[in-house]
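Chain by chain, the residues run as shown.
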Amino acid sequence: MDFEPVIGLEVHAQMLTDTKIFCNCSTQFGGEPNTRTCPVCLGMPGVLPVANRRVVEFVLKTALATGCTIQKYNQFARKNYFYPDLPKGYQISQFELPIATAGYLDLELEGAVKKRIGITRIHMEEDAGKLMHEINGIAGDSSFVDLNRTGVPLMEIVSEPDIRSPREAVEYLKTMRSIVQYLEVCDGNMEQGSFRCDANISLRPKGREKFGTKVELKNMNSFRHVEKAIEFEIERQRDMLEDGIEIMQETRLWDEKREETFSMRSKEEAHDYRYFPDPDLVPLVIDEDWIAAVRAGLPELPRQRRQRFIDEYGIPGYDADVLTVTKQVADYFEAAVKLHNQPKAVSNWIMGDIMRSLADSRDIASFAVTPVHLAGMIALIDKGTISGKIAKKVFEQMAETGKMPESIVHEQGLVQVSDSGELEKAVQAVLDANPQMVEDFRSGKDKVFGFLMGQVMKSTKGKGNPQLLNDILRKQLAG
Amino acid sequence: MARELYSLTIHELSALLLARTVSAVEALESVISRIEAVDGRVHAYISPTFDFARSQAQAADQRIARGDGGPLTGVPLAIKDILCTEGIRTTCGSRILENFVPPYDATVIGKLKAGGAVFTGKTSMDEFAMGSSNETAYFGAVHNPWDLDRVPGGSSGGSAAAVAADECIAALGTDTGGSIRQPASLCGVVGLKPTYGRVSRFGLIAFASSLDQIGPITKDVEDAAILLSCISGHDSKDSTSIKRHAPDYTRALKKDVNGLRLGIPKEYFIEGLDPQVEKAVREAIDLLKAQGAEIVPVSLPHTEYAVAVYYLIAPAEACSNLARYDGVKYGYRCSQPGNLREMYEQSRSEGFGPEVKRRIMLGTYALSAGYYDAYYKKASQVRTLIRRDFMEAFKTCDLIVTPTAPAPAFKLGEKLSDPLSMYLSDIFTIPTNLAGLPGISLPCGFSEGGLPIGLQIIGNLFAEEQVLHCAYCYEQSTPWHRRKPSLA
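Not measured: the values here are computed from a predicted model.

A. Just the domain arrangement of chain B, in detail. Residue and element names in this part refer to chain B. Domain annotation of chain B identifies domain 1 (5-260 + 397-482) and domain 2 (304-380). Each of domain 1 and domain 2 was reduced to a C-alpha centroid, and the two centroids are 27 Å apart. Between domain 1 and domain 2, roughly 2300 Å² of surface is buried when both sides are summed, and carbon and sulfur atoms account for 68% of that area. Per-residue buried area on domain 1 facing domain 2 is highest for I96, M130 and Y423; these three make up 32% of the total on that side. Seen at the junction of domain 1 and domain 2, the total is zero salt bridges. On inspection of domain 1 and its partner domain 2, the count reaches ten residue pairs in polar contact (both at pLDDT 80 or more). The element best represented in the side of domain 1 that touches domain 2 is helix α14 (residues 430-435), accounting for three residues. Split into classes, the residues belonging to the side of domain 1 that touches domain 2 amount to 17 nonpolar, seven polar and three charged.

B. Representation of the interface of chain B and chain A within the structure. Contact residues are listed per partner, giving 40 residues for chain B and 31 residues for chain A. Between chain B and chain A, a total of about 2700 Å² is buried, with carbon and sulfur atoms accounting for 60% of that surface. The three residues of chain B that bury the most area against chain A are S239, S320 and R324 of chain B, which together make up 21% of that side's buried surface. There are one salt bridge connecting chain B and chain A. One salt bridge in this structure joins D280 of chain A and R201 of chain B, with 3.1 Å as the shortest N-O distance. Where chain B meets chain A, there are 16 residue pairs in polar contact (both at pLDDT 80 or more). Of all elements in the fold, only α9 (306-321), α10 (340-351), α11 (354-367) and α12 (373-393) of chain B reach the threshold of two or more residues within the side of chain B that touches chain A. Broken down by element, the residue count for the side of chain B that touches chain A peaks at five residues, all from α9 of chain B. Within the side of chain B that touches chain A, the residues separate by chemical class into 22 nonpolar, ten polar and eight charged.

C. Structural detail: the sheet that holds strand β5 (residues 90-93) of chain A. All names here are of chain A. Ordered in space as β5-β4-β15, the three strands form an open sheet in which the pairing is antiparallel. Only two strands of the sheet have a single partner each, and these edge strands are β5 and β15 (276-277). Across four bridges, strand β4 (residues 77-80) lies against β5 in antiparallel orientation. Considered in β5, the bridge of A77 is made with S93.

D. Quick look at the side chain of D238 of chain B. On the secondary structure map, D238 of chain B appears in the loop between α7 (221-231) and β7 (261-265). An unpaired buried charge is present at D238 of chain B: no salt bridge exists, and R201 of chain B, the closest side chain of opposite charge, is 4.0 Å distant. Of the polar contacts made by the side chain of D238 of chain B, one reaches the side chain of T240 of chain B; its length is 2.6 Å. With near-sequence residues (within four places) excluded, D238 of chain B lies in contact with L48 and V50 of chain A together with V199, S200, R201 and F202 of chain B.

Calculation criteria
- Residue positions are given per chain, counting from 1 as you read along its sequence in written order.
- To read the labels, note that chains go from A and ligands from 1, taken in the order they are written.
- Local features in this predicted model are restricted to residues of pLDDT 70 or higher, and side-chain atom pairs are both shown and tallied only at a pLDDT of 80 or more, whereas totals for entire chains, interfaces and linings draw on every residue.
- Based on all heavy atoms of the structure, the side-chain values leave hydrogens and waters out of the count.
- In this document the domain limits rely on a domain assignment from an automatic tool or a database.
- In short, buried area is how much 1.4 Å probe accessible area vanishes from two parts on joining, totalled over both.
- The salt bridge definition used is simple: a Lys or Arg side-chain nitrogen within 4 Å of an Asp or Glu carboxyl oxygen.
- Pairs of N or O atoms within 3.5 Å make up the polar contacts considered here, provided that, within protein, one atom can donate a hydrogen while the other can accept it, and that residues adjacent in sequence are counted only when both atoms are side-chain atoms.
- In DSSP terms, a helix is any run of H or I states spanning at least four residues, a strand is any run of E spanning at least two, and both are numbered starting from the N terminus.
- The nonpolar class holds Ala, Val, Leu, Ile, Met, Phe, Trp, Tyr, Cys and Pro. Asp, Glu, Lys and Arg form the charged class, and all remaining residues, Gly among them, are polar.
- Only heavy atoms matter for contacts: two residues are in contact if any of them lie within 4.5 Å across the pair.
- Pairing between strands is defined by DSSP: at least two bridges between the two strands are required.
- Remark: exposure states derive from per-residue accessible area (1.4 Å probe, protein chains only) relative to the maximum for the residue type, with buried under 20%, exposed over 50%, and partly exposed in between.
- The charge count treats Lys and Arg as positive and Asp and Glu as negative. His and the chain ends do not count.

Put into structure tokens, the structure is as follows:
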């Protein structure tokens, strides 16, 4: 039988507010355990939460950017369960009346196929703390609790079960991450856990409407692992269904070392969270004026920016895609182009050498080669001061030392030689030293041209203007 | 011989203090000697704080000397042990918080400190304010100063008994379903529950968050007005506190009820109401009528559901509010738990008393999947109907007058094994909390056995001034508030 996967995703995005959702403690990552806490986030007796207005604004931004309907009358709810990282014994979240509902995200898949994925709801909630089972790598007979993260604001974005493949799931996550990054509401860091994802997966025979029994997947902390975990889970369920084994509703964890999922708890063991409206927080009413103000302040979103890059800078769609994935790269591109109006050249350098140098860090904003460096260097190429080949050398040194391209070129005498008299001499010397090659070329062996050109470049230490050298060499070979 | 300082009201003592006729230190020592003389029989205090109080009294004297004194400067007050006091153990009447010392003050405590008040100690209460007799207190029952074999009422039994026995000048209590008014009634003192949101709940250890309110327990109505003026007002640390100007309530104390329309709800004069209580309350109504008030019969038809609604909503909120006492961060932890689950189960089993456990189970049940709609949600809907009853009644009257409790103080142990009959002690006070309204209890007579009887006056939202006005008017023409227990 042919089975079709049905996938829905839940994204938990940590919001970039300065302070926590219900108190004034810092949200900064790290810190000595339990130093970024106060009686409120520690859940001490008698304390009360007060909602952070910025958190509401951040969720509103995300909701408006994904076409959601804003719920005017909002309620916080308590989700009750016991765990040592949850100091109050309940998490303040939203349940019956989430802040946003019924939105969507358009994915662009290969071959420019568009697919719309529905967003069921977005709601606000507080993060829990962290358990530490070992100190300095040693596990003793007690565990420790760090509550620094407790109360950091989270936004939970729940998709409709509209996703049909691991590829689509990853595309959805990438698009969503790009949006929250553009909105500057979340840094999107999956490894550090500030952008997390759970997946609900079921299979059904193709053509059937009714959903199969779903399994919830957790613990996937990179796009690659999301893709692999979903792939694995689809295969696992397909094998079971083909063997006539019933799928159990359960929560499974992805083990990234063994590359398989394993059961965490079954439906029977699932919590009854006993949600009810939190009496400590008054209903949050969002009026039209507030929505309008947030809407007016929305920045340009990735898709709009991509189109503008194509229209305004005339760069290919592929380049625009790559450059607009993150706001930082797009900002970098525009800053460089503003200084030296050669969009395609700037794009090539960013997509090539810069991306390679950044490798994993991806932090273009703190890269030693700033847009000023890059624009200055490309200008030197365009003026003919340095060759493209020398530019690679200059780039490497800029990345290493942060020095400006002009000073690197002057300090090291890398200025391109375009004096044809000097270059003619250099060519002649190479031809004199390689009479056999010259003979071969003249008898029709075109291939040796490359070798001779290389010899000429070497003799000018790479500084010879390549175009001029090429012309001179051809002329002199032609005799 | 002049009256002992400990027997004075706030306004009487304050006049002497501000005139520098007596010092705050003298006043405090008078109260301390009284506590030492009688608290062995009353047991109103869990934690006396005499050393702290002495330093506060000295500071108050300096302040008064600077001409910077206010109506509470140097006045010894008792604080219900449910209110967090920085550096002072706050137990909430429970073993689970036996050694809990908060690193912060409740907002009301901060306000009282700013006003220069002196804290004689933390008073006893039913565990987590769950009880109507003060017998669920982990640290032992409080005895009613009018009859030491009887209960003082609860849950603010310690505060009410301390005021009645002159073990303080006045006190703070909290009221979730009658916990200020019912003990005030049983102890023959004045107790005021303000409108929900009038007083900040920050630092009040939560029992049922949508019902809890802090209020004064005092020797007369004027004191209630003075204390309420100090503690009320918006607090940015409590989102449920109302952004509304808090007036000087003493200005509302006029001696004239001409034209005031008093609603008398028939649902509060029912079978089971002690005839002596009914008689005293009816006489009080007649007196107010004679003074010029207009008596209006009103109906609050959903009253009969109030106790049931309360015992779904309050335990539901409580089971969640009390989840934080898990042995992880502070408070009681069992010894040598084998694993996490054992630590939770044993710490909570050993740390909480039977009434608290009963309510945690009730609340957990009411919120559980499959029961939520039938219990918690339905109760919330009926709560709206009860609120509407009052709003409807206030279209034809200004205030509602009822008995505070169905009977005078009962014997210690009498209802402890019968939770349902205990729960009915709050039958006349619970609806006010469900509707968020202000209510006062003040003495309106005594039973044949010499036990105090309380009159309840309920106002519309934020109508504390009217409530105080009417109460003051009644009190000024009656002798009840001046009677003192013999403590024999």
